[in-house]
Amino acid sequence: MIWKTVRLELSPNVSSTKASPSRAFLIRVPLDELGVIDAAELARDPLRATVLRTWSSEPDQFGHIERADGHWVFRCPRKRGEDVYRMPAVPLGLHEQVTVQDPNGATQPFTVASIGGTNRSSARA
Amino acid sequence: MDRVTGVSSVSMRDSETHLRSILATIPDAMVVIDETGHILSFSAAAERMFGYTEEEVLGENVSMLMPSPDRERHDSYLENYRGTGERKIIGIGRVTTARHRDGYTFPIELSVGEAWLDEKRIFTGFIHDITQRQNVERRLQDLQSELAHVGRVSEMASFASSLAHELNQPLTAIANYCEAARDLLGNGSDRETLDTVQEALDEASKESVRAGQIVRRLRNFISRGETEQRVESLARLITEANALALVGSREHGIEVQVQLDPDADLVFVDRIQIQQVLTNLIRNAIDAMIDSSQKSLIIRTAADPQDYVTVTVEDTGPGISESVVAELFQPFVTSKSAGMGIGLSICRTIVESHGGRIWFEERPGGGTAFHFTLPSAGS
């Protein structure tokens, strides 16, 4: 099982006809060869499963990823409370689409823009 | 006239081709933005440095290339410049951090120029990645020199105590000799008395020379140690210290979070000294996480109701060994296999000389959080 950094970029949608690399999630998760996030592996090292949300002109958000209600949930703490984003538990293939529901309940399409290699510690793991 | 125009057009095309060939080969990245911050041009070196193609980023807000807090503040930086004309970076340059497409933060040296093109203002940023050690060698040498200087100032606190003790001895002796001479002269002025008075004054003179030597030693010690406290932006101090501390750390995959309280920005400090504290703490945090699976470095500030600002540097490393916890801020105490153990001692001296305090605690999820306070300079 290899931990990967997956970059999800906002796809063209009703509010923008252009894909936007300035609106993205970077998630660090254990992926199997089919691109499925390995829940058991993630449960063994939950602090390692992190998310970084970079959104044009907004502060970076960092958080952790956990499984809930058949989804992958990105929990990003704020000064007061937290923002929760939900992604369906689907395989993550390069250039394929996934949806992410934002804290307001709106669902937006994202493209898997890259699946990064292992970092030093994942290579050892 | 047409012929002149034709020649002129050819000349301009040649110039443009020449310019493009230069820009394609220079190692520094070049990003051109309009006055609202949207990207107009993205050089080949910028593509390599940031991991985006020019096609992807054209029209995007340049803030996408920055981590927080610059990301969310950049629009207001531009707005402020358009409104006031006050230059904080244009024509000055600064060390800061940038964000790669893969999410990691890396240190850069940024220079920005301004120009007008067809009555539209544009800004051109030249970005030099200072991650590569050989390219920053000279800058690091300058910094090391400054840090060594600050280190000497920090040691001064402990030296001062022993010097005060040394100085007290000749001063007491001088006072005693002078009192004895006065008493002797009060009892008469025969030859023997005058000889004894002269002897006492000779001794007093020798002791004053000795006191002068001690003062000169102190002066030599601190000759480069004048501190300069002024109102500084904590955001800027942290950004610069973070950039320098991150040099050489890219391969470790450190995730950097900077969370700044806008109400805790202005502090009254010596810039170089506080940057040394920050650099020491950030470097320690990075070193602590080298073998951890989670590598999150968090730097945060918070306003304190007591007119202080609290700065926190957190890591997700293994924590601090119990054997050194009690004496962590003492000189020559370290949990590192390589290190003299004076960094935290210097940090404490610097922070306390600013009227603040420094302490640490274990993080709930693992790792260590170092906190220190600094006097706020208000909003």
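This structure is a prediction, so every number in the text was calculated from the model and none was measured.

Engineer: How would you explain the packing of helix H7 (residues 234-245) of chain B against helix H8 (residues 271-289) of chain B if you had to name every residue and give the values?
Structural biologist: All names here are of chain B. For the pair H7 and H8, interaxial distance at closest approach is 9 Å and the crossing angle is 45°. Between H7 and H8, the angle falls in the class oblique. Considering the relative orientation of H7 and H8, their crossing is right-handed. In this structure, H7 contributes Leu-237, Ile-238, Glu-240, Ala-241, Asn-242, Leu-244 and Ala-245 to the contact, and H8 contributes Arg-271, Ile-274, Gln-275, Leu-278, Thr-279, Ile-282, Arg-283 and Ile-286. Its residues assigned to classes, the contact of H7 with H8 shows nine nonpolar, three polar and three charged.

Engineer: Report on the pairing of strand E4 (residues 61-68) of chain A, specifying residues and quantitative values.
Structural biologist: A regular strand places its side chains on the two faces of the sheet in alternate fashion. Residues and elements named next belong to chain A. For strand E3 (residues 50-55) and E4, the ladder comprises four bridges, and the chain directions are antiparallel. The residue bridging Arg-53 from the neighbouring strand is Gln-61, located in E4. Hairpin connection from E3 to E4: five residues lie between these consecutive antiparallel strands, with Ser-57 at a positive phi of about 60°. Looking at chain direction, E4 and strand E5 (residues 71-77) are connected through five bridges and run antiparallel. Residue pairing across strands places Arg-67 opposite Trp-72, the latter belonging to E5. Where E4 folds back on E5, the antiparallel hairpin that results is connected by two residues, among which Asp-69 adopts a positive phi of roughly 55°.

Engineer: How would you summarise the packing of H8(B) against helix H10 (residues 343-353) of chain B if you had to cite specific residues and measurements?
Structural biologist: Residue and element names in this part refer to chain B. It is the contact of H8 with H10, at a shortest axis distance of 9 Å, that shows an interaxial angle of 145°. Note that H8 runs across H10; the crossing there is left-handed. For the pair H8 and H10, the contacting residues are Gln-273, Gln-276, Val-277, Asn-280, Leu-281 and Asn-284 in the first and Gly-343, Cys-347, Ile-350 and Val-351 in the second. Classifying every residue of the contact of H8 with H10 by side-chain character gives five nonpolar, five polar and no charged.

How each quantity is defined
Residues numbered from 1 in each chain as written. Chains lettered and ligands numbered in written order. Predicted model: local features only at pLDDT ≥ 70, side-chain atom pairs only at ≥ 80, totals over all residues. Axes fitted to C-alpha atoms, helices over the stretch in contact; angles between N-to-C directions. Helix = DSSP H or I, 4+ residues; strand = E, 2+ residues; numbered from the N terminus. Parallel < 35°, antiparallel > 145°, perpendicular 65-115°, else oblique. Left-handed = near helix turned anticlockwise from the far one by under 90°. Contact = placed C-beta atoms within 7 Å. Nonpolar A, V, L, I, M, F, W, Y, C, P; charged D, E, K, R; others polar. Pairing = 2+ DSSP bridges.

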